[in-house]
Structure formats: C-alpha cells, structure tokens
Amino acid sequence: MRALFLVIDLALQAYVWILIAAAVLSWLVAFNVVNTRNQVVATIGQFLYAITEPVLRPIRNALPNMGGIDLSPVILILIIIFIRYCIALYILPNVF
C-alpha cells in the first residue's frame, strides 16, 4: 500500500514538471523564440496542451479575468503541493 502512495506522489511531481514545461513553452511561443510551424514544437505543444488543459480549464473558469495573466498553473501547482503534503504527513505514516 505504501508503494501505491509513493507512485501517486511521483505522478503528482511529474505533473508539476509538465505544468512548468507547458508554461515555459507558452512563453517561448508568445515571444517568438520557437515557431509552432516546426513539427516537433507543434507536437510537444499539442501534447502539453492536451494533458494540462482539462485540469486547468475549471480553475480558469473559477478565477476572475486578470487581463493577460494566467494564474491557473500556479494555483494548480499549489493544490498539488498541498495534496502531496497531505499524503506525506497524514496517510503515509498510518500505512504499514
């Protein structure tokens, strides 16, 4: 059972890194550092969008319009950190 919670913790940590990669790629595209006409960049961008957008969309809908600033990845990362701490502090010590 402990291994299952450690795998969940690892998956949550990997998702945080995916969120960071999606944010960095969106900045690079916005500032024309990388071109989405490049097939590799477009494929990576589509993958990151497909894996992060279903989770970020409800957070974006709940947040007020802040102009051009998107705080939904930051809020999702904070939620994930909270879940990871809850698992580490309250669930793992009680699992044998």
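Since the model is a prediction, treat every value here as computed from it, not as a measurement.

So, how was this worked out
Residues numbered from 1 in each chain as written. Predicted model: local features only at pLDDT ≥ 70, side-chain atom pairs only at ≥ 80, totals over all residues. Heavy atoms only, no water. Core = buried A, V, L, I, M, F, W, Y, C linked by side-chain atoms within 4.5 Å. Buried < 20%, exposed > 50% of the residue type's maximum accessible area, 1.4 Å probe, protein only. Helix = DSSP H or I, 4+ residues; strand = E, 2+ residues; numbered from the N terminus. Contact = heavy atoms within 4.5 Å. Axes fitted to C-alpha atoms, helices over the stretch in contact; angles between N-to-C directions. Parallel < 35°, antiparallel > 145°, perpendicular 65-115°, else oblique. Nonpolar A, V, L, I, M, F, W, Y, C, P; charged D, E, K, R; others polar. 1 Å grid on protein atoms, 1.4 Å probe; cavity = no way out; pocket = protein on both sides within 12 Å on 5 of 7 lines; lining within 4 Å. Points joined across faces, edges and corners; volume = space filled by probe spheres on them. Patch = residues over 30% accessible without salt bridge, like charges linked within 9 Å, V, L, I, M, F, W, Y side chains within 5 Å. Areas by Shrake-Rupley, 256 points an atom, 1.4 Å probe, with all protein chains shown as cover. Salt bridge = Lys/Arg side-chain N within 4 Å of Asp/Glu carboxyl O. Left-handed = near helix turned anticlockwise from the far one by under 90°. Polar contact = N/O pair within 3.5 Å; in protein donor to acceptor, adjacent residues only side chain to side chain.

Visitor: Sorry, what's going on with the nonpolar core here?
Guide: As a rule of thumb, nonpolar side chains are buried together in soluble globular proteins. Phe-5, Tyr-15, Leu-19, Leu-76, Ile-80 and Ile-87 are the most contacted members of the largest nonpolar core, which has 13 residues in total. When contributions to this core are tallied by element, the ones reaching two or more residues are α1 (2-30), α2 (39-62) and α3 (72-91). Among the elements that line this core, the one with the most residues is α1, at 5 residues. Leu-76 has contacts with Tyr-15, Leu-19, Val-55, Leu-56 and Ile-59, leaving out every residue within four places of it along the chain.

Visitor: Sorry if this is basic, but what is going on with the packing of α2 against α3 here?
Guide: Two quantities define a packed helix pair, namely the angle between the helix axes and the distance between the axes. Contact pair α2 / α3: the axes reach a minimum separation of 9 Å and the direction vectors enclose 110°. In terms of orientation, α2 and α3 fall into the roughly perpendicular class. Contact with α2, carried on its side by Val-55, Leu-56, Ile-59 and Arg-60, involves Ser-72, Pro-73, Ile-75 and Leu-76 of α3 and no other residues of that element. Taken together, the residues of the contact of α2 with α3 sort by class into 6 nonpolar, 1 polar and 1 charged.

Visitor: Would you explain the layout of surface pockets in this entry?
Guide: Which parts of space are left empty comes out when a probe the size of a water molecule is rolled across the atoms. In this structure, the largest pocket encloses a volume near 510 Å³. Residue lining of the largest pocket: 22 residues in total, with Ala-22, Ala-23, Ser-26, Arg-60 and Asp-70 positioned closest to the centre. Those elements that place two or more of their residues in the lining of the largest pocket are α1, α2 and α3. The element that contributes the greatest number of residues to the lining of the largest pocket is α2, accounting for 9 residues. When its residues are assigned to classes, the lining of the largest pocket shows 14 nonpolar, 5 polar and 3 charged.

Visitor: Which parts of the structure should I look at to understand a nonpolar patch on the surface?
Guide: Taken together, Met-66, Ile-69, Leu-71, Val-74, Leu-78, Ile-81, Tyr-85, Leu-89, Tyr-90 and Ile-91 make up a surface patch of nonpolar side chains, about 990 Å² in accessible area. Along the polypeptide, Tyr-85 turns up in helix α3.

Visitor: Mind showing me how you'd approach the packing of α1 against α3 here?
Guide: Close contact between α1 and α3 brings their axes to 10 Å; oriented N to C, the two are set at 165°. Taken as axis vectors, α1 and α3 run roughly antiparallel relative to one another. Like other packed secondary-structure pairs, α1 and α3 cross with a definite hand, here left-handed. Touching Phe-5, Ile-8, Asp-9, Leu-12, Gln-13, Tyr-15, Val-16, Leu-19 and Ile-20 of α1 are Leu-76, Ile-77, Ile-80, Ile-83, Arg-84, Ile-87 and Ile-91, all from α3.

Visitor: Is there a simple way to think about the side chain of Glu-53 in this case?
Guide: Structurally, Glu-53 is set in helix α2. Looking at Glu-53, its side chain comes within polar contact range of the side chain of Arg-60, at 2.6 Å.

Visitor: Hey, could you run me through the environment of Ala-50 in this one?
Guide: Tracing the backbone through its elements, the reader meets Ala-50 in helix α2. Relative accessible area serves as the criterion here: at 51%, Ala-50 is assigned to the exposed category. Here the alpha-carbon distance between Ala-50 and Met-66, two residues 16 residues apart in the chain, equals 23 Å.

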